[in-house]
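Observations on chain architecture
Chain by chain, the residues run as shown.
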Amino acid sequence: MRERSTDDLGQELMGAPNIDAYIHNNEAFFSEQSITESLAELYERKAVSKAALARKSGMSEVYLHQVFSGRRNPSRDRLLCLCIGLEATLEETQCLLKQSAYAQLYPKSKRDAIITYGILHHMELHAINDKLFAENEKTLF
């Protein structure tokens, strides 16, 4: 079975005579991976210890352990901190935000534009927070 794009699935959903038929026809395309699994997969591809990740993400090791064990779901800002700490690409970050049902980074938002720039230019979290503060925007933590 060939992979179907989100646009293809959206078009089919809009034209579906009923939800049951849509679900039955597209069961194989629904994402079953949890945010915990996606974060763990991303973490495995990066060369960073959990202690260093906690430090780079501005969070405690206890909180980080709770996220990776699935006992806590990070807020949008905490997820962004983790993405920055993991040096995730913008695409990886946007995918994690979408998977968590959070708004993706939006370049028409000054705050999101600053965060996006920081991710694209591999800025450290404290530098992104400093710029957010200087622009009177809410910091990530």
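Below, the structure is looked at part by part. Computed from a predicted structure; not experimentally measured. (Residues numbered from 1 in each chain as written. Predicted model: local features only at pLDDT ≥ 70, side-chain atom pairs only at ≥ 80, totals over all residues. Heavy atoms only, no water.)

1. Brief notes about the overall build of the protein chain
How we decide: Numbering of helices and strands runs from the N terminus, with a helix taken as a DSSP run of H or I at least four residues long and a strand as a DSSP run of E at least two residues long. Buried means the residue's accessible area, taken with a 1.4 Å probe over protein chains only, is under 20% of the maximum for its type, while exposed means over 50%, and partly exposed covers the values in between. The contact criterion used throughout is that any non-hydrogen atoms of two residues lie within 4.5 Å. The protein chains shown are the only cover counted for residues, whose accessible areas, like all others here, come from Shrake-Rupley with a 1.4 Å probe. A residue counts as positive if it is Lys or Arg and as negative if it is Asp or Glu; His and the chain ends are not included. A single reference atom marks each charge: NZ on Lys, CZ on Arg, CG on Asp, CD on Glu.
Counting its secondary structure elements, the protein chain contains nine helices and zero strands. Element order for the protein chain, N to C, with α for helix and β for strand: α-α-α-α-α-α-α-α-α. Its C-alpha atoms give the protein chain principal-axis dimensions of roughly 50 × 35 × 25 Å. Within the protein chain, the proportion of its 141 residues that are buried is 36%. If you take every contact in the protein chain between residues at least 6 apart in sequence, the share linking residues at least 24 apart comes to 50%. Looking at the protein chain as shown, the accessible area adds up to about 8900 Å², and 53% of this sits on carbon and sulfur atoms. The centroid of the 17 positive side-chain charges in the protein chain is displaced by 7 Å from the centroid of its 20 negative side-chain charges.

2. A closer look at helix H8 (residues 110-120)
Here H8 has its buried residues at Arg-111, Asp-112, Ile-114, Ile-115, Thr-116, Gly-118 and Ile-119. On its buried face, H8 sits against helix H6 (76-85), helix H7 (90-99) and helix H9 (125-134). Positive backbone phi, approximately 55°, marks His-122, located one or two places after H8.

3. Some details on the pattern of salt bridges
Put simply, the rule reads: Salt bridges are identified by distance alone: a Lys or Arg side-chain nitrogen within 4 Å of an Asp or Glu carboxyl oxygen.
Taken as a whole, this structure holds eleven salt bridges when the rule is applied. The closest approach of N and O atoms between Arg-45 and Glu-41, which form a salt bridge, is 3.8 Å. Of this pair, Arg-45 and Glu-41 both sit in helix H3 (residues 35-45), four residues apart, which is roughly one turn of that helix. Residue class for Glu-41 comes out partly exposed when judged on its relative accessible area of 43%. Residue Glu-92 is joined to Lys-46 by a salt bridge in which the shortest nitrogen-to-oxygen separation is 3.8 Å. With Glu-92 in helix H7 and Lys-46 in the loop between H3 and helix H4 (50-57), this pair connects stretches of sequence that are 46 residues apart. A relative accessible area of 23% means that Lys-46 is categorised as partly exposed.

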